[in-house]
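Chain by chain, the residues run as shown.
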Amino acid sequence: MTVEKGPPGDGPVPALAATSRGASLGPTLPRAYRVLDVIVENYRTCTLRLDGVMQSDPGQFAMVWLPGLDEKPLSVQRDDPLSITVAAVGPFSRALQQVPPGGTVWCRGPYGNGFVPLGDDHLLVAGGYGAAPLLFLARRLAAAGMRSRVVVGAATREDLLLTEAFEAVGAEVHMTTEDGSAGTTGLVTEVVAPMLRDDPPTGTYACGPHGMLHALRGLATARGLPIQMSWEAYMRCGVGICGSCEHEGMLLCADGPVLDDAGQPPARGRS
Amino acid sequence: MPGAGAVTRAGAGPGVATEPLGIELPVEIAGVRLKRPLVLASGILGTHATLMERVARAGAGAVTTKSAGPSPRGGHVNPTCVDFGAGLINAIGLANPGAAAEVALVEQTRAALAPLGVPVIASLFADTVESFARVAETLAQAGPDLLEVNISCPNVASEFGEPFAASAESAAAVTAAVRAAVDIPVIVKLAPNVPSIGRIAAAVVDAGADAICAVNTMPGMVIEHESGLPVLANKTGGVSGPALRPIAVHAVYQIARAVDVPIIGTGGVSTGADALEMISAGATAVGVGSAVYYEGVGAFTAILSELAEWLEGHELTLDEIRGRAHREMTWPEPATPAPVPDAGHGT
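Residues numbered from 1 in each chain as written. Chains lettered and ligands numbered in written order. Predicted model: local features only at pLDDT ≥ 70, side-chain atom pairs only at ≥ 80, totals over all residues.

S.K.: Before we move on, can you summarise the overall build of chain B with the specific residues and values?
M.R.: Counting secondary structure elements, chain B contains 10 helices and 16 strands. Out of the 347 residues belonging to chain B, those deemed buried represent 61%. Of the contacts formed within chain B by residues at least 6 apart in sequence, a portion of 71% connects residues at least 24 apart. (Helix = DSSP H or I, 4+ residues; strand = E, 2+ residues; numbered from the N terminus. Buried ≥ 20, exposed ≤ 12 C-beta atoms within 10 Å, placed from the backbone. Contact = placed C-beta atoms within 7 Å.)

As structure tokens, then:
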């Protein structure tokens, strides 16, 4: 191989980043946290309060690791102290619930894009375990002195999650159960649809089963109201490269998990 | 705003809306024209046509689908990928739907990328020489522009318990079997952790490889100090990102001396300067993988823009800089002896 021209330096030299732009994202190895205490939320859900901070936006998630078992993405329920609400659904979540106070769990993050509040009158819609990141959001909105209505839906009264915690932060709480054992009988849309019609919020934020999110997106967009939804998918790398969590062309771990009604990460500074 | 310490990326996410770039720096790999010299490395976002279309719109000249094997694999449990500070280490475990299902992905990706003029490289792996040939035949049904034969994944071993890329003989045997099975140009992806990568490159080219991709990730391990346990569920994994770059550049340099086929230089490239380095070592095109972690798919746009700007500023072409690291510099002899410092002078 030969090169006709001389070494660089002959002509004007455009500025080039000399080194990789990488390596500036901060420490992302799992960090050990001690469990301060474990709060039982319902018959299969509890909250682990940990002895450290993970400064986060509501809707962002932590990768929680139990060495030798697994690592899963879980929503940050509170960032100071870092608190994780987990339902017993499989071996990992059951083991996580059994870590005693003083025991160790490992977390890295936060990852992903969270909710971006729009305006000053907010509607939060939680289906099942989706209540956890929305409680974090409700706490932030309450701290800013803004109105929040929260609709918490579940299959039965026993499955309702964090309703008292929402009330404790001053949110106006509405409950729905599919079997009618508490609150309005039916799905969250039974309560949300008249709210969007009669007293529309400036921003709606939802987390729960995908069927619920699709239904809410339909209701909101039909009225021209903005909505942000936190979607769920199996995540491998958690950092936007493996492609496992693709959802409508987005990477839920890096672009999401919160996407707006147009399927894009919510724009900051828009209100 | 994101919390301090939040992991956010300048080029992530909203880059979707970008239109195909006007920048064209064409190169040719085994008769296939790439409008731009950046290639999405295998294992990165190669799981969905939607994601590969985003990458193409961000500036990739070709995309590589995630390596498919003979049958579906679920991959390892998490953690499968972590940032250890100087790069990434991963052991996804070749999660893939199997070659038969991969055909649909390759077809969808071709359909999505055809309007953009971006070719598709279908990557494959297997556990026996014969199986490599069968997987190649299956994927060939989807009509990819090129095949990438991944003989270097640390997760897959030959009957001798090491990657096929570990010896010239096994690397050549796989290459010859695939070459005989398909009419599509074949790229062979080599491993960095071999004593003489030039010898292995020569062997696979002799066996019919049309191009070389170098390199795959470097085997490594990261142990979390508090638990004292390897952080990857698979314990070992492949190192990529900035830590891999000098290793990859060296490999490309050695391969360029050994063979005369196009090289896709892959390993830690995340800036235009990095791409220039790889091309100077002898690469025809440049693979981009871990940079997507650092900057999202916007990494392609940034690398390409910087590369194009540098070339334009220096009035140089890719052909003119390719392999220039191999040249020996000569400096003119001084016409008259240089003045010697007056050694004894002073107090």
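S.K.: Report on unusual backbone geometry, specifying residues and quantitative values.
M.R.: Most peptide bonds adopt trans geometry, and most residues besides glycine take a negative phi value. For the bond from A:Gly109 to A:Pro110, the omega torsion is 0°, close enough to zero to count as cis. If you trace the backbone, A:Pro110 turns up in strand β6 (residues 104–111). Put simply, A:Gly256 and A:Pro257 share a cis peptide bond, and its omega is 10°. Residue placement: A:Pro257 occurs in the loop between β14 (250–251) and β15 (258–260). Despite not being glycine, A:Glu248 has its phi angle at roughly 50°, a positive value. As for its position among the elements, A:Glu248 is in the loop between β13 (246–247) and β14. You can call A:Glu248 exposed: it has 11 C-beta atoms within 10 Å. Residue B:Ala30 is not a glycine yet carries a positive backbone phi of 50°. With respect to the helices and strands, the residue B:Ala30 is situated in the loop between β1 (27–29) and β2 (32–34).

S.K.: So what's going on with the packing of helix α4 (residues 168–181) of chain B against helix α5 (residues 197–206) of chain B? Which residues, and what values?
M.R.: Residue and element names in this part refer to chain B. Two elements in contact, α4 and α5, have axes separated by 8 Å at closest approach and are oriented at 25°. In terms of orientation, α4 lies roughly parallel with respect to α5. Where α4 crosses over α5, the two elements pack in a sense that is right-handed. Together, Ala168, Ala171, Ala172 and Thr175 of α4 and Arg199, Ile200, Ala203, Val204 and Asp206 of α5 make up the contact between the two elements. Counted by class, the contact of α4 with α5 contains six nonpolar, one polar and two charged residues. (Axes fitted to C-alpha atoms, helices over the stretch in contact; angles between N-to-C directions. Parallel < 35°, antiparallel > 145°, perpendicular 65-115°, else oblique. Left-handed = near helix turned anticlockwise from the far one by under 90°. Nonpolar A, V, L, I, M, F, W, Y, C, P; charged D, E, K, R; others polar.)

S.K.: Would you mind going over the domain arrangement of chain A in detail, with residue names and values included?
M.R.: All names here are of chain A. Domains assigned within chain A are domain 1 (31–111) and domain 2 (121–260). Placing the centre of domain 1 and that of domain 2 at their C-alpha centroids yields a distance of 20 Å. Each partner contributes residues to the interface: domain 1 has 16 residues there, and domain 2 has 18 residues. The set of elements that each furnish at least two residues to the side of domain 1 that touches domain 2 consists of β1 (31–42), β3 (61–66), β4 (70–79) and β5 (82–87). Sorting elements by how many residues they give to the side of domain 1 that touches domain 2 places β4 first, with five residues. Along the lines of polarity and charge, the residues of the side of domain 1 that touches domain 2 split into eight nonpolar, six polar and two charged. (Domains from an automatic or database assignment.)

S.K.: Describe the sheet that holds strand β8 (residues 147–154) of chain A, with residues and values.
M.R.: Residues and elements named next belong to chain A. With mixed pairing, seven strands are arranged side by side in an open sheet as β10-β9-β8-β7-β11-β12-β15. Sheet topology places β10 (184–185) and β15 at the edges, where each strand pairs with a single neighbour. Relative to β10, strand β9 (residues 172–177) runs parallel, the two sharing two bridges. Paired with threonine 176 across the bridge in β10 is threonine 184. (Pairing = 2+ DSSP bridges.)

S.K.: Lay out the sheet that holds β6(A) in plain terms, naming residues and giving numbers.
M.R.: Residues and elements named next belong to chain A. Within the closed barrel, the six strands sit side by side as β1-β2-β5-β4-β3-β6. Their pairing is antiparallel. Within this sheet the neighbouring strands show an average axis-to-axis angle of 45°, counted without direction. Here β3 pairs with β6 via four bridges, running antiparallel. Residue pairing for β6: tryptophan 65 is matched across the bridge by tryptophan 106. Against the sheet, helix α2 (residues 131–143) engages β4 and β5, with an angle of about 30° to β4.

S.K.: Explain α4(B) residue by residue, including any values.
M.R.: Residue and element names in this part refer to chain B. Its 14 residues place the ends of α4 20 Å apart at the C-alpha level, agreeing with the 20 Å of an ideal helix rising 1.5 Å per residue. Among the residues of α4, Ser170, Ala171, Ala172, Ala173, Val174, Thr175, Ala177, Val178 and Arg179 are the ones counted as buried. In this structure, the buried side of α4 is in contact with α3 (129–140), β8 (146–150), β9 (186–190) and α5. (Expected span 1.5 Å × (residues − 1).)

S.K.: Which residues make up the nonpolar core, and what are the values?
M.R.: One finds B:Ile212 and B:Val252 to be the most contacted residues of the largest nonpolar core, which totals 197 residues. Split by domain, this core shows at least three residues from each of two domains, domain 1 (31–111) and domain 2 (121–260) of chain A. For B:Ile212, the residues in contact, after removing those within four places along its chain, are B:Ile187, B:Val188, B:Leu190, B:Ala201, B:Ile255, B:Val259, B:Val261 and B:Ile263. (Core = buried A, V, L, I, M, F, W, Y, C linked by C-beta atoms within 7 Å.)

S.K.: Describe the environment of B:Ser170, and please don't skip the residues or the numbers.
M.R.: With respect to the helices, strands and loops of the structure, B:Ser170 is situated in helix α4. Linking B:Ser170 and B:Leu105, residues 65 residues apart in sequence, is a C-alpha distance of 29 Å.

S.K.: Residues and numbers for the pairing of strand β12 (residues 227–230) of chain A, please.
M.R.: Residues and elements named next belong to chain A. With burial as the criterion, each face of β12 is covered, one bearing Ile227 and Met229 and the other bearing Gln228 and Ser230. Bridge analysis of strand β11 (residues 203–207) against β12 gives four bridges, and the strand direction is parallel. Within β12, the position partnered with tyrosine 205 by the bridge is glutamine 228. Note on the crossover from β11 through helix α5 (residues 210–222) to β12: the handedness is right-handed. Sheet topology places β12 next to β15; three bridges connect them, and they run antiparallel. Along β15, the bridge assignment pairs serine 230 with valine 258. (Right-handed = clockwise from strand over helix to strand, strands pointing away.)

S.K.: Let's hear about the confidence of the model for chain A: which residues, and what values?
M.R.: The share of residues in chain A with pLDDT of 70 or more is 89%, and the mean pLDDT across the chain is 90. pLDDT under 50 marks residues 1–24 of chain A. Its contacts with residues more than four places away, or in other chains, come to 47 contacts. (pLDDT = per-residue confidence, 0-100.)

S.K.: Which residues make up the pairing of β9(B), and what are the values?
M.R.: If a strand is regular, its side chains alternate between the two faces of the sheet. Residue and element names in this part refer to chain B. Counting buried residues along β9, five of its five residues qualify, which places the element largely inside the surrounding structure. Of the two faces of β9, the one carrying Val186, Val188 and Leu190 and the one carrying Ile187 and Lys189 are both buried. Inspection of the sheet shows β8 paired to β9 by four bridges, in the parallel sense. When the bridges of β9 are listed, glutamate 148 appears paired with isoleucine 187.

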